[in-house]
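# Architecture at a glance
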Amino acid sequence: MHYNPIATKIKIILHTRHLTQEEFVEFYSAIRTLKQYSVEFYNPYTAEIQTANCYRGDRKIVMKWNRVDKGILYNPIDISLIEL
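So, here is what we can say about the structure in this document. Every value quoted in this text rests on a predicted model; they were computed, and no experiment measured them. (Residues numbered from 1 in each chain as written. Predicted model: local features only at pLDDT ≥ 70, side-chain atom pairs only at ≥ 80, totals over all residues. Heavy atoms only, no water.)

## What about the overall build of the chain?
- The secondary structure content of the chain amounts to one helix and seven strands.
- Its helices and strands in sequence order give the chain the pattern β-β-α-β-β-β-β-β, from N to C terminus.
- Taken over 84 residues, the chain has a buried fraction of 23%.
- Nonlocal contacts in the chain, meaning residues at least 24 apart in sequence, comprise 58% of its contacts between residues at least 6 apart.
- Counting only carbon and sulfur atoms, one obtains 55% of the accessible surface of the chain, whose full area is about 6900 Å². (Helix = DSSP H or I, 4+ residues; strand = E, 2+ residues; numbered from the N terminus. Buried < 20%, exposed > 50% of the residue type's maximum accessible area, 1.4 Å probe, protein only. Contact = heavy atoms within 4.5 Å. Areas by Shrake-Rupley, 256 points an atom, 1.4 Å probe, with all protein chains shown as cover.)

## A closer look at the packing of aromatic side chains
- Applying the stated rule across the entire model yields two aromatic pairs.
- Here the aromatic rings of Phe24 and Tyr28 are separated by 4.9 Å at their centres, their planes lie at 45 degrees, and the arrangement is tilted. Taken together, the residues Phe24 and Tyr28, both in helix α1 (residues 21–32) and four residues apart, mark about one turn of the helix.
- Overall, Tyr28 belongs to the buried group, its relative accessible area being 15%.
- Within the aromatic cluster, the residues linked to one another by ring pairs are Phe24, Phe27 and Tyr28. (Phe/Tyr/Trp six-rings, centres within 6.5 Å; stacked < 30°, edge-to-face > 60°.)

This is the structure we're talking about:
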């Protein structure tokens, strides 16, 4: 078996803090309709700020129930942003 890479792409995992239900809806409403994103990020290989056009990949959501005020709280969200 031979490994012949066609291209090297950047994958950025966006990790949020804990979100309330209102923040969760606002966050997903903002990213739902866009097909591609222009993302500025710190590239640890070059030690510079770099810009990449990315599409949204996998999303991981875990919901928690907050028994104190009966509100819904979401764990931090992980979203993959993959370079086009």
